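# Structural overview for review
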Amino acid sequence: QVQLVESGGGLVQAGGSLRLSCAASVRTFSNSNMGWFRQAPGKEREFVAAIRWGSTNYADSVKGRFTISRDNATNTVYLQMNSLKPEDTAVYYCAASPFGGASYDYQYNYWGQGTQVTVSS
């Protein structure tokens, strides 16, 4: 039974920071590609960032502002979000994939329930 549980969302002013966490029960967590996606109201879900081993990739819209990291000892993946903008407002989802470098949601087979991030202007 794979479970992904996100936390850390909330309301923040533009320019502020938040750190999202995702606790994973994936048995092969250390070998899994872990990703963050987001979905804003009325929009499709979009890729944010992913990490596998020491390799990371980011959506252009968050490069230089967001940082993804992981702690294999605690099976946790993080998303540090700085310089937040109102357009970052969305539900953020953690996901796990067996494919390194995956940036499409169909490549991910396990998903968390999501955590709301709201950035006020």
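Keep in mind the model is a prediction, meaning the values are calculated, not measured. (Residues numbered from 1 in each chain as written. Predicted model: local features only at pLDDT ≥ 70, side-chain atom pairs only at ≥ 80, totals over all residues. Heavy atoms only, no water.)

## A word on the overall build of the chain
- Helices and strands together make up the secondary structure of the chain, namely zero helices and eleven strands.
- The N-to-C order of helical and strand elements in the chain reads β-β-β-β-β-β-β-β-β-β-β.
- A compact globule built from 121 residues would reach a C-alpha radius of gyration of about 14 Å, and the chain, at 13 Å, matches this within 12%.
- Along the first, second and third principal axes, the C-alpha set of the chain runs to 40 × 25 × 25 Å.
- Taking all 121 residues of the chain together, the buried fraction comes to 44%. (Helix = DSSP H or I, 4+ residues; strand = E, 2+ residues; numbered from the N terminus. Rg over C-alpha atoms; globule rule 2.2 N^0.38 Å. Buried < 20%, exposed > 50% of the residue type's maximum accessible area, 1.4 Å probe, protein only.)

## What about the nonpolar core?
- Counting 34 residues, the largest nonpolar core has M34, W36, L79, M81 and Y92 as its most contacted members.
- Elements with a minimum of two residues in this core: β3 (18-24), β4 (33-39), β5 (46-52), β7 (66-71), β8 (76-81), β9 (90-97) and β11 (115-120).
- In contact with M81, other than residues within four places in its own chain, are G16, S17, L18, L20, R65, F66, Y92 and V117. (Core = buried A, V, L, I, M, F, W, Y, C linked by side-chain atoms within 4.5 Å. Contact = heavy atoms within 4.5 Å.)

## Some points on the packing of aromatic side chains
- As enumerated under the stated definition, the model contains five aromatic pairs in all.
- Aromatic side chains F37 and F47 sit 5.6 Å apart centroid to centroid with 75° between the ring planes, which places their arrangement in the edge-to-face category. With F37 in strand β4 and F47 in strand β5, this pair connects stretches of sequence that are ten residues apart. Of the two residues, F37 and F47, neither departs from the other in class, the shared state being buried. (Phe/Tyr/Trp six-rings, centres within 6.5 Å; stacked < 30°, edge-to-face > 60°.)

## Re the environment of F66
- Locating F66 in the fold gives a position in strand β7.
- Given the relative accessible area of 3%, F66 is considered buried.
- Between the C-alpha atoms of F66 and S21, which are 45 residues apart in sequence, the distance is 13 Å.
- Discounting residues that sit within four places of it in the chain, F66 has contacts with R38, V48, Y58, L79, Q80, M81, N82, L84, D88 and Y92.

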